[in-house]
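# Examining the three-dimensional arrangement
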Amino acid sequence: IDGWFGWPDGELQASWDQGGGVGGSPGLRVAHGGGGPMVHMDTGIGPVTAGDTYRVRFSARGETDGSMRVFLRQATYTELAPARRVLLGPEAADHELFFTADDGDGSSLLIFELTAPGTVAWLDDVSVEPVDGSPLTLADAVTVEANPSAAPRTVTLTGDGVDAGG
């Protein structure tokens, strides 16, 4: 599988699946054989700069419900940004994750890690690119105001706020 590497050899089962992948298309099949605490697939993504934000996009599905960790890592085994957990299920799903690098590295890796023995995942359409800015948190994008009393209450929206209640 060109450009992809896996670890550990004795526990990881990886192959290019011509028809059972994400949405029935070809894709990378990764399976945790069961003997160790985790297995992972990685691919080189080049240099990562501390403080910069990177968008990781991919499609994935699981043979059954499960999860995997996704993260950026230095070649020296130090995570460059906190890992994100992605839920897997029998239905294919597109994912978009943002990572802001705490540190930099000249030859960084993108890691997909399965931690539960017996987990099987398919990956497809994987891309990594630097982006300007940083992602919004839910608290930055949504404001919820409640009125537990029977008395009328006025809430003034700021910025580009929209009243979802009409």
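In this text the structure is predicted, and so the values were computed from the model without any measurement.

## A short note on empty space enclosed by the protein
All chains considered together, the criterion is met by one cavity of 30 Å³ or more. In this structure, the largest cavity spans a volume of roughly 40 Å³. Forming the boundary of the largest cavity are Val30, Met41, Met68, Phe112, Glu113, Leu114, Ala121 and Leu123. Broken down by secondary-structure element, the contributors of at least two residues to the lining of the largest cavity are strand E9 (105-114) and strand E10 (120-131).

## Points about a nonpolar patch on the surface
Nonpolar side chains collect at one region of the surface, where Leu138, Val142 and Val144 lie side by side and expose about 330 Å² of accessible area between them. Relative to the elements of secondary structure, Leu138 occurs in helix H1 (residues 138-141). Residue classification places Leu138 among the exposed residues on the basis of a relative accessible area of 67%.

## Quick word on the environment of Leu88
Tracing the sequence through the fold places Leu88 in strand E7 (residues 84-88). Classification of Leu88 as buried rests on a relative accessible area of 5%. It is 4.9 Å that separates the C-alpha atoms of Leu88 and Gly66, two residues lying 22 residues apart in sequence.

## Re the pattern of salt bridges
In the structure shown here, the tally under the stated rule is five salt bridges. Residue Arg55 is joined to Glu96 by a salt bridge in which the shortest nitrogen-to-oxygen separation is 3.8 Å. Taken together, the residues Arg55 in strand E5 (residues 53-62) and Glu96 in strand E8 (residues 93-100) connect sequence positions 41 residues apart. On the basis of relative accessible area, Arg55 is assigned to the buried category, the value being 18%. The shortest N-O distance in the salt bridge between Arg57 and Glu96 comes to 2.9 Å. Pair noted here: Arg57 is in strand E5 and Glu96 is in strand E8, with a separation of 39 residues, a long-range link.

Here is what the cut-offs are and how they apply
Residues numbered from 1 in each chain as written. Predicted model: local features only at pLDDT ≥ 70, side-chain atom pairs only at ≥ 80, totals over all residues. Heavy atoms only, no water. 1 Å grid on protein atoms, 1.4 Å probe; cavity = no way out; pocket = protein on both sides within 12 Å on 5 of 7 lines; lining within 4 Å. Points joined across faces, edges and corners; volume = space filled by probe spheres on them. Helix = DSSP H or I, 4+ residues; strand = E, 2+ residues; numbered from the N terminus. Patch = residues over 30% accessible without salt bridge, like charges linked within 9 Å, V, L, I, M, F, W, Y side chains within 5 Å. Areas by Shrake-Rupley, 256 points an atom, 1.4 Å probe, with all protein chains shown as cover. Salt bridge = Lys/Arg side-chain N within 4 Å of Asp/Glu carboxyl O. Buried < 20%, exposed > 50% of the residue type's maximum accessible area, 1.4 Å probe, protein only.

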